[in-house]
Each structure stands twice: as structure tokens, then as C-alpha cells.
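# Notes for the structure review
The chain contents come next:
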Amino acid sequence: MRVMKFGGTSVGNAESIQAVCAIVRSALKARPVVVVSAVAGVTNALIKLAKTTSATERVRAQKGIRRTHEKILKDLRLDPTLLENEFNELADLSKKTKKQDKKTLDHFVSFGERLSAQIVGAALQKMGVSSEALPAWEIGMITNDEFGDATPLPASPALIKKKISALKVVPVVTGYIGKTRKGRITTLGRGGSDYTAAIIGAAIHAEVIQIWKEVDGFMTTDPRLVPEARIVPELAFEEASELAYFGAKVLHPRTMLPAMKAGVPVQILNTFNPKEKGTMIVSNFNERKKSSRVIDALTYRKNITVIHIYSPMFFDGNKIIADIFDLFGDYNVNIGDIALSVASVSLVMDSNEPLPRQVRSGLQKMGDVTIDTRKAAICVVGGSINTAGVAGRMFSVLEKNRIHVEMIAQASAGYSITFLVKKKDAEKAVKMLHKAYISV
Ligand code: ADP
Ligand code: ASP
Ligand code: MG
């Protein structure tokens, strides 16, 4: 079987939905499981709707969402009443909702994928492909109750496998959403449809998880920043995962984990240019190394916080490090990178949100703490990135242009280097390195 996930732009209007259906139809032999995002812009519109308190604004926002979908139905000549149940449920929810907690927000945003899946299912049907739109919870996507950033429960993959194997038609599954055991709707974090595709692909041991987008593949860097960016034909799981974590918007950062564990390759392809080979993400970094360049791709992330802790206690050994990790773990705060010296530790947190009060006061008991939100992380991957002299030359390119580099971390397996620069220098640094190593 094959998982085929289509992003928001790919299902953004009637014409692109027709392109999606043609791609699915040509892959019927591979027994596709289709996963879809919401129509482009709809998730944002739903978040806005959920957050407005004015009743007239709410009605207006709903009308906008309805219009977007009705236009697609009309252009595709589908039944104009296809989405009435969802529209009514959304209207009900808008009328009833008073408080705006994460639970309610997840209920609101779930409509994006529930609407788009119905449309794609019906469009396939109209093309003569037997298909059925299914909310992810009906195929076993059961998650924990971390609303807004949920994770599937360990029991979920077996359930998914069972449900999918029993289907006789092409399923069009909603990305991004799931339900708790108690039946509350959850979401897997923004951009989470990629993650849905990976979870399903791993559960059914698919031959490949295809992520169809509006770009030709995983590019050497964000093409909006560097128009000369090129497709990277092949990446290893670890590299893609590192790039996604450090800001490459092309994939949801948690996508690689299930795929990696199950050994299912992930392919990035372009809905609007399906002949292009795209990017294959595979498990053989050592194999890949031979074909790679010094730098294959790079990215940056601005929403990070760097915390430095200085303390004489560090001279006494590792206990304090363990205490720091426990403290972060107790309050569910992720640590991305860590650098140690004899008397200090520096941590990179993958968010710009203020540290929970308890974490901050806990750290202050251990030593002098400074918190820096003015840095960006840059992540560079490539097969020879860790050979002698490469990092040195890279940093001298930057230093020559007065971009100061700090907290350099190298992945032990040798596929990446990450470091920090001032936020205001991040784009400049990426452009400069791209020019020096990739566009040449
Ligand atoms: P989708 O709706 O298919 O999930 P997204 O909008 O989430 O698509 O992501 C696609 C965008 O990510 C592209 O338009 C591109 O500008 C951006 N992007 C950032 N970094 C990269 C990269 N390294 N390779 C490809 N695209 C990237
Ligand atoms: N529709 C969701 C979002 O915009 C999930 C996704 O597109 O992957 O974040
Ligand atoms: Mg996306």
C-alpha cells in the first residue's frame, strides 16, 4: 500500500483537486491511502473564528469559510449539499462556545480537514474511483489529551492497520486530527497532516509515504528566501528530521520519527509537476554520504530561547545536569540542544514562549541564569560536513561578514552542524552559506 498526502495548496481549489484526483487514479494499483490537509487558508480562518467573541464577526467568518468550500463544490459540479452536516455542526459550535480553551480550539479547527476530505472523496467518486472520506478517528487515530499538540497512543497503529486492511475502497483520511479515548477531538500541531501520513504509513508498513506539495521537493533551503534553491534528490531520515526541527517548513518536524522506526521511505513530490522526481528520504545515511556534497541543505529557526546557567556546582559532576533535565521534563518543556563547559551549561529551547515560572525559579536555585531570546539557530546538513576544516571554513565565511557564531553543536553520527547567530543575521547567514557552497 502507499500513503499519499496532499497539502493545503494541493487541495486549494477545484483545478488542483482535479490534479490530485488524477494522481491518485494513476496510482490505484499501489492501493493508495489518501490523507488531506484543509483547503489552504481554512485552518487560519477557523482559528480566527474560534478566537473572535463578537457574534456578528463569527457569523461573517463562518460565511467566508462556507463560501470557499461552496465555490469548490460548484466548480467541481459536486452535490451542493455535501457539506451541510459539517456546516451545521460548525454553526452550532460557534453559537454555543463561550470559553476559548485548547479543547474548543481543536474542535473548531477540525472542520478544515473534515470538509476537504469530503470534497476530495466525492471528486474521486465522480471520476469513477470508489472512495470514502473518513475522519482519522474512524480509522483508529486515537491520541493522548495534549490538545493542540497531541500524540497517538501506543495502541493506535495496530488499530489503524486493522481498520485500513478491512476497507474495500480508497480512503480519503483527514490529516492533522484525532480523538482521545473519551471522544474529544484533538490536533497534532500545525502542519500535522504530514505526521498523520507518517503514522498511517508506519502502521500499515506502506511501501512509501508520499507528501505531495506545491514545491518540487525538499529544497536546499527555503525557496522564498533563496530563489536559486535547488531540489535535494535524496536525504537521510536523520538529516530531514534535523532540518524540519530547525525550521524547514516543508515537513512537520515529527513526521520522520514513525517513518524512521518502521523503515518506510518518505518522498516529497509536486502535485503541479508530478513528473519531477522530487526528494526521497531514506534510512541509509552511510550510503547517501557518497553521493552528497559538502553542504546539501540548510535552514534556520528563529523561535528559540537560549538559557545559560553558570554554577560552581558543575565542578562537582553530573548530578546538576540530571536535575536540570528533570526540571524541564516535569513541566514538559523540550530541550533542543545542549552545550556544556566546566562551569556552565547552555540549553536551546524550541520556542519563544516564556519559561514556566517553576522552571525559572528551579534553575535560579542552581546557579546564575541568563535567558536570551535574540538568537536564531542555523542547521546545516551534508555528507562531508564533519570532515576536517569544513566547519572552520564555513565559520570564517560568516565571521568575515561580521556574523558571529556561537554554541556550535555537531551530530555525533556526522550528518549535521547547528549553531547560533543573532536573529537579525539569520537570513543573511543562510543566503551567504547557500551562495558559497550550493549555488556555486
Ligand atoms: P503544504 O500545504 O503542502 O503542507 P506548506 O505550506 O506547509 O505546504 O509548506 C510548503 C512551503 O514550505 C513551500 O511553499 C516553501 O516555500 C516552504 N519551504 C521552506 N523550506 C523549504 C525547503 N527546504 N524545501 C521546500 N520548501 C520549503
Ligand atoms: N491544516 C493544518 C494546518 O494548516 C494541518 C496541515 O495542513 O498539515 O496547520
Ligand atoms: Mg504543511
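Refer to the structure above for everything that follows.
Residues numbered from 1 in each chain as written. Chains lettered and ligands numbered in written order. Predicted model: local features only at pLDDT ≥ 70, side-chain atom pairs only at ≥ 80, totals over all residues. Heavy atoms only, no water.

## Topic: the overall build of the chain
- In terms of helices and strands, the chain carries 14 helices and 18 strands.
- Since a compact globule built from 440 residues should have a radius of gyration of about 22 Å, the 23 Å found for the chain is in line with a globular shape.
- Projected onto its principal axes, the C-alpha coordinates of the chain cover approximately 70 × 50 × 40 Å.
- The buried share of the chain, reckoned over its 440 residues, is 52%. (Helix = DSSP H or I, 4+ residues; strand = E, 2+ residues; numbered from the N terminus. Rg over C-alpha atoms; globule rule 2.2 N^0.38 Å. Buried < 20%, exposed > 50% of the residue type's maximum accessible area, 1.4 Å probe, protein only.)

## Brief notes about the environment of phenylalanine 246
- Relative to the helices and strands, phenylalanine 246 is located in the loop between α8 (237–245) and α9 (256–262).
- Judged by its relative accessible area of 6%, phenylalanine 246 is buried.
- It is 8.8 Å that separates the C-alpha atoms of phenylalanine 246 and threonine 418, two residues lying 172 residues apart in sequence.
- Apart from the residues lying within four places of it in its own chain, the contact partners of phenylalanine 246 are Thr299, Tyr300, Arg301, Asp337, Ala377, Cys379 and Thr418. (Contact = heavy atoms within 4.5 Å.)

## Some details on the sheet that holds strand β16 (residues 375–381)
- Strand order across the open sheet formed by four strands is β11-β16-β18-β17, with antiparallel pairing between neighbours. Across the chains shown, the open sheet's two edge strands, defined by having one partner strand only, are β11 (297–301) and β17 (406–410). Across the sheet, the axes of successive neighbouring strands diverge by a mean angle of 15°, strand direction being ignored.
- When β16 meets strand β18 (residues 416–422), the two strands line up antiparallel, connected through seven bridges. Bridging across to β18, cysteine 379 finds its partner in threonine 418.
- In the packing of helix α14 (residues 426–437) onto the sheet, contacts are made with β11, β16 and β18, and the angle to β11 comes to roughly 175°. (Pairing = 2+ DSSP bridges. Axes fitted to C-alpha atoms, helices over the stretch in contact; angles between N-to-C directions.)

## Structural notes on the site of ligand 2
- The full set of residues close to ligand 2 is Ser37, Ala38, Thr43, Glu113, Tyr176, Arg190, Gly191, Gly192 and Ser193.
- At 2.6 Å, a side-chain N or O of glutamate 113 approaches a nitrogen atom of ligand 2.
- Here glycine 192 contributes a backbone N or O atom positioned 3.4 Å from an oxygen atom of ligand 2.
- In isolation ligand 2 offers 260 Å² of accessible surface; the protein chains occlude 87% of this area.
- For the shell around ligand 2, a count of residues per class yields two nonpolar, five polar and two charged. (Near = heavy atom within 4 Å. Polar contact = N/O pair within 3.5 Å; in protein donor to acceptor, adjacent residues only side chain to side chain. Areas by Shrake-Rupley, 256 points an atom, 1.4 Å probe, with all protein chains shown as cover. Nonpolar A, V, L, I, M, F, W, Y, C, P; charged D, E, K, R; others polar.)

## Points about the sheet that holds strand β13 (residues 335–340)
- The four strands are arranged β13-β14-β12-β15 in an open sheet whose pairing can be described as antiparallel. The two strands at the open ends of the sheet, each matched to only one other strand, are β13 and β15 (368–372). Taking each pair of neighbouring strands and ignoring which way they run, the sheet shows an average axis angle of 15°.
- Sheet topology note: the β13/strand β14 (residues 344–349) ladder contains five bridges and is antiparallel. By the bridge assignment, alanine 339 is partnered in β14 with serine 346.

## Some details on the site of ligand 1
- Lining the immediate environment of ligand 1, one finds 16 residues, of which Gly8, Lys213, Glu214, Met219 and Arg224 sit closest.
- In this structure, lysine 213 approaches ligand 1 through a side-chain N or O atom, which is 3.2 Å from an oxygen atom.
- Note that a nitrogen atom of ligand 1 is positioned 2.9 Å from one of the backbone N or O atoms of methionine 219.
- Within the complex, 83% of the 580 Å² of free accessible area of ligand 1 lies under protein.
- Across the shell around ligand 1, the residue classes tally to five nonpolar, five polar and six charged.

## Some thoughts on the packing of aromatic side chains
- Enumeration according to the criterion identifies three aromatic pairs in this entry.
- Pairing tyrosine 245 with phenylalanine 246 gives two aromatic rings, centres 5.0 Å apart and planes at 90°, and the pair type is edge-to-face.
- Of the residues examined, tyrosine 245 reaches a relative accessible area of 23% and is grouped as partly exposed.
- Measuring from ring centre to ring centre gives 5.0 Å for phenylalanine 395 and phenylalanine 419, while their planes differ by 85°; the resulting arrangement is edge-to-face. Linking phenylalanine 395 in helix α13 (residues 390–400) with phenylalanine 419 in strand β18, this pair joins segments that are 24 residues apart in sequence. (Phe/Tyr/Trp six-rings, centres within 6.5 Å; stacked < 30°, edge-to-face > 60°.)

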